[in-house]
Amino acid sequence: MGADYYTLDPAKVEAAITPWTTAILAVHVFGYPANLNALADIAKRHNLKLIYDAAHAFGVKVSGKPIGHFGDMSMFSFHATKIYHSLEGGLLNFKNSGLKKIFDYLKNFGFENEFEVVMPGTNAKMNEMQALMGSLVLKHLDEIMDKGRKIEMIYRDRLNAIPGINLPPQLPHEILYNYAYVPVEVDQKEFGMNSAELYEALKKYNIFSRRYFYPLVTEYACYKNVSITDPLTIARKVSSRILSLPTYYDLTFDEVNKICDIISSCHDIRTK
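Note that the structure is predicted; figures quoted are calculated from it, not measured. (Residues numbered from 1 in each chain as written. Predicted model: local features only at pLDDT ≥ 70, side-chain atom pairs only at ≥ 80, totals over all residues. Heavy atoms only, no water.)

Overview of the overall build of the protein chain
Part 1 of the reasoning: On a plain count of helices and strands, the protein chain comes out with 9 helices and 10 strands.
Part 2 of the reasoning: Relative to a compact globule of 272 residues, whose C-alpha radius of gyration would be 19 Å, the protein chain shows 21 Å and is just as compact.
Part 3 of the reasoning: By principal-axis analysis of the C-alpha atoms, the protein chain measures approximately 70 × 45 × 40 Å.
Part 4 of the reasoning: When contacts within the protein chain are restricted to residue pairs at least 6 apart in sequence, those whose partners lie at least 24 apart make up 62%.
Part 5 of the reasoning: Of the accessible surface of the protein chain, which amounts to about 15900 Å², a share of 56% is contributed by carbon and sulfur atoms.
Part 6 of the reasoning: Here the protein chain contributes 30 positively and 30 negatively charged side chains, and the mean placements of these two sets differ by 2 Å. (Helix = DSSP H or I, 4+ residues; strand = E, 2+ residues; numbered from the N terminus. Rg over C-alpha atoms; globule rule 2.2 N^0.38 Å. Contact = heavy atoms within 4.5 Å. Areas by Shrake-Rupley, 256 points an atom, 1.4 Å probe, with all protein chains shown as cover. Lys, Arg positive; Asp, Glu negative; His and termini not counted. Charge placed at Lys NZ, Arg CZ, Asp CG, Glu CD.)

Points about the pattern of salt bridges
Part 1 of the reasoning: Evaluated as defined, the whole model comprises 15 salt bridges.
Part 2 of the reasoning: Across the pair Lys 107 and Asp 104 runs a salt bridge, and its minimum N-O distance is 3.5 Å. Here Lys 107 and its partner Asp 104 are both found in helix α3 (residues 99-107), 3 residues apart, which amounts to about one turn of the helix.
Part 3 of the reasoning: Three or more residues are tied together by salt bridges with common partners; here these are Glu 14, Asp 41 and Arg 45. (Salt bridge = Lys/Arg side-chain N within 4 Å of Asp/Glu carboxyl O.)

What about the packing of helix α7 (residues 195-203) against helix α9 (residues 253-271)?
Angle between the axes and distance between the axes: these two values describe a pair of packed helices.
Part 1 of the reasoning: Following both chains from N to C, one finds α7 and α9 inclined at 120°, their axes separated by 11 Å at the closest point. Regarding the angle of α7 to α9, the classification is oblique. As for the relative orientation of α7 and α9, their crossing is right-handed in sense. Facing Glu 197, Leu 198, Ala 201 and Leu 202 of α7, the residues of α9 in contact are Ile 262, Ile 263, Cys 266 and Arg 270.
Part 2 of the reasoning: Residues of the contact of α7 with α9, tallied by class, amount to 6 nonpolar, no polar and 2 charged. (Axes fitted to C-alpha atoms, helices over the stretch in contact; angles between N-to-C directions. Parallel < 35°, antiparallel > 145°, perpendicular 65-115°, else oblique. Left-handed = near helix turned anticlockwise from the far one by under 90°. Nonpolar A, V, L, I, M, F, W, Y, C, P; charged D, E, K, R; others polar.)

Considerations on the packing of helix α5 (residues 141-159) against α9
Part 1 of the reasoning: In contact at an axis separation of 10 Å, α5 and α9 are set at 25° when each is read in the N-to-C sense. When the axes of α5 and α9 are compared, the pair comes out roughly parallel. Once α5 is placed against α9, the crossing between them reads as right-handed. On α9, the residues touching Lys 147, Lys 150, Ile 151, Ile 154, Tyr 155, Arg 158 and Leu 159 of α5 are Phe 253, Val 256, Asn 257, Ile 259, Cys 260, Asp 261 and Ile 263.
Part 2 of the reasoning: Residues belonging to the contact of α5 with α9 are distributed by class as follows: 9 nonpolar, 1 polar and 4 charged.

Description of empty space enclosed by the protein
Part 1 of the reasoning: Applying the stated rule across the entire model yields 1 cavity of 30 Å³ or more.
Part 2 of the reasoning: Volume-wise, the largest cavity comes out at about 30 Å³.
Part 3 of the reasoning: Around the largest cavity, the lining residues are Ala 55, His 56, Phe 58, Ser 77, Lys 82, Ile 83, Tyr 84, Ala 180 and Tyr 181.
Part 4 of the reasoning: Grouping the constituent residues of the lining of the largest cavity by class yields 6 nonpolar, 2 polar and 1 charged. (1 Å grid on protein atoms, 1.4 Å probe; cavity = no way out; pocket = protein on both sides within 12 Å on 5 of 7 lines; lining within 4 Å. Points joined across faces, edges and corners; volume = space filled by probe spheres on them.)

A look at helix α8 (residues 233-241)
In an α-helix there are 3.6 residues to a turn, and that puts residues three or four apart on one side.
Part 1 of the reasoning: Those residues of α8 lying buried are Val 238, Ser 239 and Arg 241.
Part 2 of the reasoning: Buried residues belonging to α8 abut β7 (165-166), β9 (182-186), α7 and β10 (242-245). (Buried < 20%, exposed > 50% of the residue type's maximum accessible area, 1.4 Å probe, protein only.)

Some thoughts on the sheet that holds strand β2 (residues 49-53)
Part 1 of the reasoning: Across the sheet, 4 strands lie side by side as β1-β2-β5-β6; this open sheet has mixed pairing. With one partner strand each, in any of the chains shown, β1 (23-27) and β6 (90-94) form the two edges of the open sheet. Adjacent strand axes in the sheet meet at a mean angle of 15°, parallel and antiparallel pairs treated alike.
Part 2 of the reasoning: In this structure, β1 lies alongside β2, joined through 5 bridges in parallel fashion. (Pairing = 2+ DSSP bridges.)

Digging into the nonpolar core
Part 1 of the reasoning: Counting 39 residues, the largest nonpolar core has Ile 24, Phe 30, Leu 39, Tyr 52, Ile 67 and Tyr 177 as its most contacted members.
Part 2 of the reasoning: Taken together, the elements giving at least two residues each to this core come down to β1, α2 (36-45), β2 and α5.
Part 3 of the reasoning: With 4 residues, the top contributor of residues to this core is α2.
Part 4 of the reasoning: Counting residues in hydrophobic clusters, the runner-up holds 25 residues, among them Tyr 155, Leu 245, Val 256 and Ile 262. (Core = buried A, V, L, I, M, F, W, Y, C linked by side-chain atoms within 4.5 Å.)

Section: the layout of surface pockets
Part 1 of the reasoning: Approximately 1700 Å³ is the volume found for the largest pocket.
Part 2 of the reasoning: If you go around the largest pocket, you meet 45 residues; those closest to its centre are Tyr 6, Leu 8, Val 27, Leu 232 and Ala 235.
Part 3 of the reasoning: Secondary-structure elements contributing two or more residues to the lining of the largest pocket are α1 (10-16), β1 and α8.
Part 4 of the reasoning: Its residues placed into classes, the lining of the largest pocket shows 29 nonpolar, 10 polar and 6 charged.
Part 5 of the reasoning: Considered as a void within the structure, the second largest pocket measures approximately 790 Å³ in volume.

And the structure:
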């Protein structure tokens, strides 16, 4: 895993560690697992906690183990746009059972009981309606993931024949993917238009992709003054080229082929 899957470079992590570093935070981008073994080794050697943003990775397994098995803590998003959801909310998965009481405080205003507040907290509770939705979706998760796998197969078969539309490599066999996303990189020189132009062209046909993740967080006004020494070469390149194509359970195979036909026609028009 690495640049091909947009995940954190372990070499860059190790170089960035200072005496003030307390944890490593890595993201399973688009549900593609980060370099689990390398990051675990770095964390162990430097006595650091290893935290994963697994918002995209619910249902992913590595060598038969759920993705939440790895690291000291993982965060999953249950937002309605995710492959598994409860309308809103999320889940923290952690190894240190002593943290549960602290998280209970954090999610419920810091209440110890009816009369005591022992620490600052917020309202992060999930309600019964969310629990019901989550329970219902969970029953169909395998079916949803299988439909996503079939959709991706069509995209790969069709888009591999279009110059300038590049998908991440097939994942190693030991990884069970959740097929929640179909990210592609658009090479302007080969395809004839950049990702922003293709994004706008698809909207004209009522096809809504997403420039995911664009712009980079470092480009937001609130972070412009944060000093960053690394040039972020790969992140900037990917951000300028990435497009996440439609994939969801109710998307028909005919519609997937139609999307591919339109992408192909956009290439043909621009390169003639």
